[in-house]
Amino acid sequence: MLVKNYHNNDALRLSFNKLARKIFGLDFEDWYQNGYWGDNYNPYSIVDDGKIVANVSVNLMDILWDGCKKHFIQLGTVMTEKNYRNRGLIRQIMEEVEKDYGNSADGMYLFANDSVIDFYPKFGYRKAAEYQCSKNVSFTNDRSIIQIPMNNKKEWIVLEERIRHSAPFGNFDMTDNSNLIMFYVTKFMQENVYYDKQQDAYVIAEIEYNKLLIHNIFSMQKVNLDKVIQSFGKEIKHVALGFTPDNKSGYTISEVREEDTTLFIKGDGFADFEFSELMFPTLSHA
C-alpha cells in the first residue's frame, strides 16, 4: 500500500525514522517533536504489514530566481528495505509523484548516488551541473562576528523569526522554507550560526583552518557580502559560497563536484539552469 502525508501518524512516522536510521543514519523524530516537520516535506512510502519498506520524499521547494518565484519539487530520502529491493517499489512511488506534481511544478530534481544514475533518466531526468562561487581574500582586522550556539529553544525561535522575515539574498534562493533550515541548525549545525552586529545579520557558516564556507545570510535588509566575509577576520584566506550571489564579479566560478553525487533535473523551469551557472543553496538539500 502506498501512503503519503502521514507525518502526524506516530506509528508510520516512527517506522519511517527506523528505516532512515538504517539506510542513512538519519532520524527525523526530533525535527518533528521540535515542531519543524511541516507539509513541505512529504514522504511517499510503501507500507507492508504496518512497516515502511520503501520511500521517496517530496520536498516542496520554492526558489526565487532573478526575483521570480519558481515552484520546484526536490526528491530525497530515497530508500528501500533490503528484503524489498528489486521489486519495482521505487518505480511505483516515482510514478505516483509524477502523477501528483508532473503537471503543476516548474521542475523536479534530485541528488542521486552513482549506483542509480541509470535509473532516473527513465523518468525523464537528465544530468546537470552546478557552479559554485569562491575567491581568495586577505584582511588585517580581527574577527568581529559572534558565534551563537543553537542549543536551546530560545535561540531557535529568534533565528527562525529572522529567517522567515529575511530579505532575499542570492540570485537563486530558497524561500518560505525555514523548517528545512531549522533541520540543519537544530541537528548538525548548532555551532555554525554567527551574528554580525554591525549589519544585523545572522550567518550560517563553516570554518576549516583558514577556509570559510558561507551557507547563507539572513537579514531584514540586503547586506554587503564582502563586509560579512571580512567580519570573520584576518585568519580567513579563502571563502566559498553555498548559494549563488546576485553579483558574481570577483569570484571564481567552478563546477561543483561531489563524490558519489549527481544532480538530475527535469522540467521547462530548468531551461536556463546551467547556462546561468547556478547552484542549489546548500541548506536546501533534503
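Just above, that's the structure.
(A) Structural detail: helix α4 (residues 153-164). Between its first and last C-alpha, α4 extends 16 Å over twelve residues, near the 16 Å set by a 1.5 Å rise per residue. Buried residues belonging to α4 abut α5 (178-187), β10 (193-196), β11 (201-208) and β12 (211-219). In this structure Asn-152 caps α4, since a side-chain oxygen of it lies 3.2 Å from the backbone nitrogen of Lys-154.

(B) Highlighting the packing of aromatic side chains. Inspection of every chain in the model, using the stated rule, returns 35 aromatic pairs. With 3.9 Å between their ring centres and 10 degrees between their planes, Tyr-109 and Phe-280 make a pair best called stacked. Note that Tyr-109 is positioned in strand β5 (residues 107-112) and Phe-280 in the segment after β15 (262-266), a separation of 171 residues in sequence. Per residue, the accessibility class of Tyr-109 equals that of Phe-280, and both read buried. Aromatic rings pair up to connect Phe-16, Phe-28, Trp-31, Tyr-32, Trp-37, Tyr-41, Phe-183, Tyr-184 and Phe-188 into one cluster.

(C) Quick peek at helix α1 (residues 10-24). With 15 residues, α1 should reach 21 Å at 1.5 Å per residue; the first-to-last C-alpha distance of 20 Å fits that figure. Taken residue by residue, α1 has Leu-12, Arg-13, Ser-15, Phe-16, Asn-17, Leu-19 and Ala-20 as its buried positions.

(D) Just the environment of Ser-104, in detail. Looking at where Ser-104 falls in the secondary structure, it is placed in the loop between α3 (89-101) and β5. The exposed category is assigned to Ser-104, whose relative accessible area is 53%. A C-alpha to C-alpha distance of 38 Å links Ser-104 and Gly-250, two positions 146 residues apart in sequence.

(E) The sheet that holds β10, seen in detail. On the basis of which strands lie adjacent, the open sheet formed by seven strands has the order β8-β10-β11-β12-β13-β7-β14 and mixed pairing. Every interior strand has two partners, whereas the edge strands, β8 (146-147) and β14 (252-255), have only one. As paired elements, strand β7 (residues 131-136) and β14 share four bridges and run antiparallel to each other. Each bridged residue has a counterpart across the sheet, and for Cys-133 the counterpart in β14 is Ile-253. α4 contacts β10, β11 and β12 of the sheet and is inclined by roughly 110 degrees relative to β11.

Calculation notes
- Residues numbered from 1 in each chain as written.
- Predicted model: local features only at pLDDT ≥ 70, side-chain atom pairs only at ≥ 80, totals over all residues.
- Heavy atoms only, no water.
- Helix = DSSP H or I, 4+ residues; strand = E, 2+ residues; numbered from the N terminus.
- Expected span 1.5 Å × (residues − 1).
- Contact = heavy atoms within 4.5 Å.
- Polar contact = N/O pair within 3.5 Å; in protein donor to acceptor, adjacent residues only side chain to side chain.
- Phe/Tyr/Trp six-rings, centres within 6.5 Å; stacked < 30°, edge-to-face > 60°.
- Buried < 20%, exposed > 50% of the residue type's maximum accessible area, 1.4 Å probe, protein only.
- Pairing = 2+ DSSP bridges.
- Axes fitted to C-alpha atoms, helices over the stretch in contact; angles between N-to-C directions.

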